[in-house]
Number of protein chains: 2
Amino acid sequence: MPLAPQRPLPGGSPADMLDEALEESFPASDPVAIGRSDRAGAPAGRSSSPIEWFDDLALGMRFQSRAYRVTAEAIKRFAAAFDPQPYHLDEEAAKATVLHGLAASGWHTAAIAMRLMTEVRPFGPHPLFGAGVDELRWLAPVRPGDEIHLEGEVIELVPSRSKPQGIARLKWTALNQRGEAVYSVIPLAIVPRRPA
Amino acid sequence: MPLAPQRPLPGGSPADMLDEALEESFPASDPVAIGRSDRAGAPAGRSSSPIEWFDDLALGMRFQSRAYRVTAEAIKRFAAAFDPQPYHLDEEAAKATVLHGLAASGWHTAAIAMRLMTEVRPFGPHPLFGAGVDELRWLAPVRPGDEIHLEGEVIELVPSRSKPQGIARLKWTALNQRGEAVYSVIPLAIVPRRPA
């Protein structure tokens with residue numbers, strides 16, 4: 001992806017600006033925010049040890065992320081790059097569409113959800129890595145000003161027969177500030193097993 | 001999403017810079033580029049009329065997008081915002097991971113694919129709008145310098161019994177410059193029926 005033409009600017013290049021703006025959007029230094037009820041790597045509502053290996057996961061185990069506030073600016077910026085359709089780009093144009101107003105691209109919601117998952121760290125020190133996702137659903141529009149958080153539940157655990165790992169299926173649901181589900185997805189995550 | 005602190009800059013604010021950089025990445029003015037074999041709204045390899053309504057679609061109909069070149073800068077920028085894991089952020093750190101080098105976030109690939117779909121316009125003037133996607137799969141790493149394009153095929157068409165619309169399922173596959181499939185997804189698109 002080519003960057004904007006480089007011009008000498010006080011404070012850095014356009015690329016630096018962009019990185020700075022994105023960093024400002026999701027400050028990496030402080031994962032604790034409104035709506036966060038549990039520390040990363042530990043299931044919600046429990047005082048057990050943090051999750052580290054596939055073997056530490058159990059069916060029904062639940063996780064919760066902090067909430068993240070979506071702005072009109074972020075919606076338009078993501079859409080301009082990746083989903084330039086009227087209901088994601090312009091308040092006035094969006095009114096006449098099936099969404100009856102500006103709403104985030106579904107792929108923007110998916111990306112925000114990924115970011116929140118990385119903060120939850122359901123597999124402790126191991127990455128969120130997988131072959132894909134099933135049943136990705138956009139359940140309701142995500143509007144400017146909405147605060148969405150994730151709730152996750154372990155729904156299937158399948159140890160590999162040949163490798164020291166397993167496939168963990170968690171169902172993640174994103175809910176807004178009114179408790180309405182706006183998005184859900186079932187990633188197929190590969191998680192290492194505890195060394196013997 | 002809060003923007004970076006506003007500072008007076010020649011050429012615009014950080015937000016303008018960011019929009020400019022993204023616009024530069026995906027120039028909206030010229031959808032024709034390397035790898036594009038067909039005009040938007042018309043199926044690949046046919047001289048038929050452009051698609052406009054659900055009724056114009058047929059099983060087996062195929063579409064193809066232009067190719068898009070992925071850069072290390074774009075990979076890192078997306079990852080810093082939405083998927084800050086080592087194999088998406090830093091060449092050196094990525095070498096020691098399961099991906100053996102820098103690769104795009106799977107959600108970045110998904111977002112790029114959405115952009116390419118909007119350029120193909122498989123439903124002509126009607127938006128790409130749907131309830132979700134099934135069987136989203138990351139099949140191979142997307143590396144810096146890769147040029148990926150989309151190929152789509154209509155695999156299911158289900159008219160609504162109660163509304164003047166139908167659900168069109170297209171399977172889209174993203175391929176790199178060596179013809180290797182790197183990503184596939186099956187969106188569930190809602191497309192209006194031709195007015196009686």
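Everything below is about the structure printed above this text.
Now for a description of the structure that goes with this document.

Here is what the cut-offs are and how they apply
Residues numbered from 1 in each chain as written. Chains lettered and ligands numbered in written order. Predicted model: local features only at pLDDT ≥ 70, side-chain atom pairs only at ≥ 80, totals over all residues. Heavy atoms only, no water. Pairing = 2+ DSSP bridges. Helix = DSSP H or I, 4+ residues; strand = E, 2+ residues; numbered from the N terminus. Buried < 20%, exposed > 50% of the residue type's maximum accessible area, 1.4 Å probe, protein only. Polar contact = N/O pair within 3.5 Å; in protein donor to acceptor, adjacent residues only side chain to side chain. Contact = heavy atoms within 4.5 Å. Axes fitted to C-alpha atoms, helices over the stretch in contact; angles between N-to-C directions. Core = buried A, V, L, I, M, F, W, Y, C linked by side-chain atoms within 4.5 Å. Parallel < 35°, antiparallel > 145°, perpendicular 65-115°, else oblique. Nonpolar A, V, L, I, M, F, W, Y, C, P; charged D, E, K, R; others polar. Salt bridge = Lys/Arg side-chain N within 4 Å of Asp/Glu carboxyl O.

The next thing to look at is the pairing of strand E2 (residues 130–138) of chain B. Across four bridges, strand E2 (residues 130–138) of chain A lies against E2 of chain B in antiparallel orientation. Following the sheet pairing, Arg137 of chain A is matched in E2 of chain B by Gly132 of chain B. Relative to strand E5 (residues 181–192) of chain B, E2 of chain B is paired through six bridges, and the arrangement is antiparallel. Looking at the pairing, Val133 of chain B lines up with Pro187 of chain B of E5 of chain B.

All names here are of chain A. Locating Asn176 in the fold gives a position in the loop between strand E4 (165–175) and strand E5 (181–192). Overall, the relative accessible area of 3% leaves Asn176 in the buried class. Side-chain polar atoms of Asn176 contact the backbone nitrogen of Arg178, separated by 2.9 Å. In this structure, Asn176 is in contact with Asp146, Glu147, Ile148 and Val182, ignoring residues within four places of it in sequence.

What follows deals with the environment of Ile167 of chain B. Residue and element names in this part refer to chain B. With respect to the element layout, Ile167 can be found in strand E4 (residues 165–175). Expressed as a C-alpha distance, the spacing of Ile167 and Arg121, which sit 46 residues apart in the sequence, is 16 Å. If near-sequence neighbours (up to four positions away) are discounted, Ile167 is found in contact with Phe54, Glu156, Leu157, Val158, Leu188, Ala189 and Ile190.

Attention now moves to the sheet that holds strand E3 (residues 147–159) of chain B. Strand order across the open sheet formed by 10 strands is E1(A)-E3(A)-E4(A)-E5(A)-E2(A)-E2(B)-E5(B)-E4(B)-E3(B)-E1(B), with antiparallel pairing between neighbours. Strands at the two margins of the open sheet, each flanked by one partner only, are strand E1 (62–69) of chain A together with strand E1 (62–69) of chain B. Adjacent strand axes in the sheet meet at a mean angle of 20°, parallel and antiparallel pairs treated alike. Contacts from helix H5 (residues 106–120) of chain A reach E1, E2, strand E3 (147–159), E4 and E5 of chain A together with E2 and E5 of chain B, with the element oriented near 125° to E1 of chain A.

Let us now look at the nonpolar core. One finds Trp107 of chain A together with Trp107 of chain B to be the most contacted residues of the largest nonpolar core, which totals 88 residues. Beyond its immediate chain neighbours, meaning those up to four positions away, Trp107 of chain B contacts Trp107, Ala110, Met114, Val133, Leu136 and Tyr183 of chain A together with Phe78, Asp83, Leu136 and Trp138 of chain B.

On to the packing of helix H2 (residues 72–82) of chain A against helix H5 (residues 106–120) of chain B, then. Close contact between H2 of chain A and H5 of chain B brings their axes to 8 Å; oriented N to C, the two are set at 70°. Classified by the angle between their axes, H2 of chain A and H5 of chain B sit roughly perpendicular to one another. Here Phe78, Ala80, Ala81 and Phe82 of chain A of H2 of chain A come into contact with H5 of chain B, specifically with His108, Ala111, Ile112, Met114 and Arg115 of chain B. Per-class residue counts for the contact of H2 of chain A with H5 of chain B are seven nonpolar, one polar and one charged.

With that settled, the discussion passes to the pairing of E3 of chain A. The side chains of a regular strand alternate, first on one face of the sheet and then on the other. All names here are of chain A. Looking at chain direction, E1 and E3 are connected through six bridges and run antiparallel. For Arg69, the partnering residue across the bridge sits in E3 and is Glu147. In textbook terms, the turn of a hairpin is the stretch between consecutive antiparallel strands, and for E3 and E4 this stretch comprises five residues.

With that settled, consider the pattern of salt bridges. All names here are of chain B. In the structure shown here, the tally under the stated rule is 26 salt bridges over all chains. One salt bridge in this structure joins Arg66 and Glu119, with 2.6 Å as the shortest N-O distance. Taken together, the residues Arg66 in strand E1 and Glu119 in helix H5 connect sequence positions 53 residues apart. Each member of the pair, Arg66 as well as Glu119, carries the same accessibility label: buried. Between Glu156 and Arg169 there is a salt bridge whose closest N-O contact spans 3.0 Å. A residue pair is termed long-range when its members are at least 10 positions apart, and Glu156 in strand E3 and Arg169 in strand E4 qualify at 13 residues. Judged by its relative accessible area of 17%, Arg169 falls in the buried class.

Residue and element names in this part refer to chain A. Tracing the sequence through the fold places Ile186 in strand E5. For Ile186, a relative accessible area of 5% translates into the label buried. Distance from Ile186 to Asp134, taken between C-alpha atoms, is 5.2 Å for residues 52 residues apart in sequence. Beyond its immediate stretch of four places on either side in the chain, Ile186 contacts Val133, Asp134, Glu135, Ile155, Arg169, Leu170 and Lys171.

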